[in-house]
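Examination of the molecular architecture
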Amino acid sequence: MTCIRSEIIGHGHYLPAKELTNDDLAKIVDTNDEWISTRTGIKSRHVAEKDEYTSDLALKAAEMAIKTAGIKAEEIDAIVLATVTPDNTTPATSAKIAGKLGMRVGAAAMDISAACSGFVYALTMADNMIRLGQMKTVLVVSAETLSKITDWTDRNTCVLFGDGAGAVVLRAKEGNGTSEDTGILATKIYADGTQYENLLCNGGVSTTQTSGYIWMNGKEVFKYAINSLSEAAEEVMKMGQVEAKDIDWLVPHQANVRIISGVGQKLGLPEEKVIVTIDHQANTSAATIPLALSEKMTDGTIKKGDLVVLNAMGAGFTWGGALVRI
Ligand code: COA
């Protein structure tokens, strides 16, 4: 039966120029490359300059996505930005990007706050708007300047995060309703508010009138992550009526290489099908998935027709997955 699918017609990514290696960090806090590499898989991360904002990173990724899509910004009906580090408390940073991109006046702009699950949440919202027939072309962007909410004196957290942005352009296309269709085949998003205190920024507009710094119960996050990420991947594969053996690539949220391999093993996916970019990007929250996806589509690793599972988990706790044929 024919149906509307949201096809990824463009992709983009951007990392700020400034790079901070584990050795650089060892000069700031009591840590070392060996501890960070073996516990997390991170070797270096990119960090925005003081006057380089989330919207600047997002704009670069969005421009690349629009260029690879071969469309004009005026053709975009909506921009959905996932971020926890907006330029201003209000308005939405997506509105600023829409203006800078030259999107037409009247096209919708919204920000989504779902922490590290932000891209999967934003993709789900965009896909639903497209499948309902409300929008034809939607720009989904994830961008973060986590360095600005990182406590650079806390070795428990400062070694884990980085800055970056990724984007995709989605466009409505008729499909046959089978797993052979290109585009988004299934999405599923979740939250568990009882875990609110286990991973958060310890400030906020309504509470402290400051943005605060990232704080977490690392062990609790670690335990929860493997099960929730596996659950989301299994659910979208079931919804799309495909099995692990059909999957070409798992593009997971990049928080810790040990979490990523644990999830890959639980799903029964061979190591070579699991995309890992955490070594040079660290955890860029909502941006890790589109950054990894775009980087691997650009270098030809992920190709047209490949079947890809995306999954993410983060503060809230929130988590989710998407099944996509490129
Ligand atoms: N360098 C050196 N030592 C460090 C350190 C650092 N950067 N950070 C912590 N340590 C120390 C701790 O103080 C602790 O020392 P102690 O035993 O003397 O108290 C020791 O290393 C072990 O710490 P522990 O917390 O047990 O390490 P771990 O194996 O649980 O790994 C994380 C810590 C943070 C890497 C891990 O828990 C994790 O990745 N959790 C998930 C975090 C995450 O992904 N959050 C974002 C989700 S979106």
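Refer to the structure printed above.
Residues numbered from 1 in each chain as written. Predicted model: local features only at pLDDT ≥ 70, side-chain atom pairs only at ≥ 80, totals over all residues. Heavy atoms only, no water.

**Quick notes on the overall build of the chain**
- When helices and strands are tallied, the chain shows ten helices and 13 strands.
- The globule rule puts the C-alpha radius of gyration for 326 residues at 20 Å, and the 18 Å found for the chain is close to it.
- Expressed along its principal axes, the backbone C-alpha trace of the chain runs to roughly 60 × 45 × 40 Å.
- Taken over 326 residues, the chain has a buried fraction of 57%.
- Contacts in the chain between residues at least 24 apart in sequence constitute 77% of all its contacts with a sequence separation of at least 6.
- Roughly 13,800 Å² of accessible area belongs to the chain as shown, and the carbon and sulfur atoms make up 52% of that amount.
- Looking at the chain, you have 31 positive and 40 negative side-chain charges, and the mean spots of the two groups are 2 Å apart. (Helix = DSSP H or I, 4+ residues; strand = E, 2+ residues; numbered from the N terminus. Rg over C-alpha atoms; globule rule 2.2 N^0.38 Å. Buried < 20%, exposed > 50% of the residue type's maximum accessible area, 1.4 Å probe, protein only. Contact = heavy atoms within 4.5 Å. Areas by Shrake-Rupley, 256 points an atom, 1.4 Å probe, with all protein chains shown as cover. Lys, Arg positive; Asp, Glu negative; His and termini not counted. Charge placed at Lys NZ, Arg CZ, Asp CG, Glu CD.)

**Overview of the packing of aromatic side chains**
- Evaluated as defined, the whole model comprises three aromatic pairs.
- For the pair Tyr 224 and Phe 317, a centre-to-centre distance of 4.8 Å together with 70 degrees between the ring planes defines the contact as edge-to-face. Here the residue Tyr 224 occupies a position in helix H7 (residues 218–239), and Phe 317 occupies one in the loop between strand E12 (307–314) and strand E13 (318–325), the gap between them amounting to 93 residues.
- Residue classification places Phe 317 among the buried residues on the basis of a relative accessible area of 0%.
- Ring-pair connections join several aromatic residues into one group, and the members of that group are Tyr 190, Tyr 224, Phe 317 and Trp 319.
- Cation over ring: Lys 60 sits above Tyr 14, and NZ or CZ is 4.8 Å from the ring centre. (Phe/Tyr/Trp six-rings, centres within 6.5 Å; stacked < 30°, edge-to-face > 60°. Lys NZ or Arg CZ within 6 Å of the ring centre and 35° of its normal.)

**Overview of the sheet that holds strand E4 (residues 78–82)**
- Strand order in the open sheet formed by five strands is E1-E7-E6-E4-E5, and the pairing between neighbours is mixed. Strand pairing shows two members of the sheet lacking a second neighbour, strand E1 (3–14) and strand E5 (108–112), which therefore form its edges. With direction set aside, neighbouring strand axes in the sheet form an average angle of 20 degrees.
- Across five bridges, E4 lies against strand E6 (residues 137–145) in parallel orientation. Its bridge partner lying in E6, Ala 78 is registered against Val 138.
- Relative to E1, helix H10 (residues 288–298) is tilted by about 85 degrees, and along the sheet it contacts E1, E6 and strand E7 (163–175). (Pairing = 2+ DSSP bridges. Axes fitted to C-alpha atoms, helices over the stretch in contact; angles between N-to-C directions.)

**A look at the site of the ligand**
- Lining the immediate environment of the ligand, one finds 21 residues, of which Thr 31, Arg 39, Arg 155, Lys 219 and Asn 256 sit closest.
- Measuring from a nitrogen atom of the ligand, one finds a backbone N or O atom of Arg 155 at 3.0 Å.
- Considering the ligand on its own, with 970 Å² of exposed area, one finds that the protein chains cover 74% of that surface.
- Only helix H2 (33–40), helix H6 (155–158), H7 and E12 provide two or more residues apiece to the shell around the ligand.
- With four residues, H7 is the single largest residue contributor to the shell around the ligand.
- Considering only residue class, the shell around the ligand consists of eight nonpolar, eight polar and five charged. (Near = heavy atom within 4 Å. Polar contact = N/O pair within 3.5 Å; in protein donor to acceptor, adjacent residues only side chain to side chain. Nonpolar A, V, L, I, M, F, W, Y, C, P; charged D, E, K, R; others polar.)

**A word on the packing of H7 against helix H8 (residues 257–267)**
- At a closest axis distance of 9 Å, the pairing of H7 and H8 adopts a crossing angle of 40 degrees. What the angle tells us is that H7 and H8 run oblique. The two elements H7 and H8 meet at a crossing, and its hand is right-handed. Contacts from Phe 222, Ala 225, Ile 226, Asn 227, Leu 229, Ser 230, Ala 233, Glu 234 and Met 237 of H7 reach H8 at Arg 258, Ile 259, Gly 262, Val 263, Lys 266 and Leu 267.
- Its residues placed into classes, the contact of H7 with H8 shows nine nonpolar, three polar and three charged. (Parallel < 35°, antiparallel > 145°, perpendicular 65-115°, else oblique. Left-handed = near helix turned anticlockwise from the far one by under 90°.)

**Looking at the layout of surface pockets**
- Computed from the structure, the second largest pocket encloses a volume of approximately 150 Å³.
- Contributing to the lining of the second largest pocket are Val 257, Ile 260, Ser 261, Gly 264, Gln 265, Leu 269, Pro 270, Glu 271, Val 274 and Val 276.
- In terms of residue class, the lining of the second largest pocket is built from six nonpolar, three polar and one charged. (1 Å grid on protein atoms, 1.4 Å probe; cavity = no way out; pocket = protein on both sides within 12 Å on 5 of 7 lines; lining within 4 Å. Points joined across faces, edges and corners; volume = space filled by probe spheres on them.)

**Observations regarding the packing of helix H3 (residues 54–69) against helix H4 (residues 93–101)**
- Two elements in contact, H3 and H4, have axes whose closest approach is 10 Å; the angle formed by their N-to-C orientations is 50 degrees. One way to sum up the angle between H3 and H4 is to call them oblique. In the packing of H3 onto H4, the handedness of the crossing is right-handed. Residues Ser 55, Asp 56, Ala 58, Leu 59, Ala 62, Glu 63 and Ile 66 of H3 form the contact with H4, whose participating residues are Thr 93, Lys 96, Ile 97, Lys 100 and Leu 101.
- In the contact of H3 with H4, the residues fall into six nonpolar, two polar and four charged.

**Side note on the pattern of salt bridges**
- For the structure on display, the rule yields 14 salt bridges.
- As a salt-bridge pair, Arg 5 and Asp 181 come within 2.9 Å of each other at their nearest N and O atoms. Note that Arg 5 is positioned in strand E1 and Asp 181 in the loop between E7 and strand E8 (183–191), a separation of 176 residues in sequence. (Salt bridge = Lys/Arg side-chain N within 4 Å of Asp/Glu carboxyl O.)

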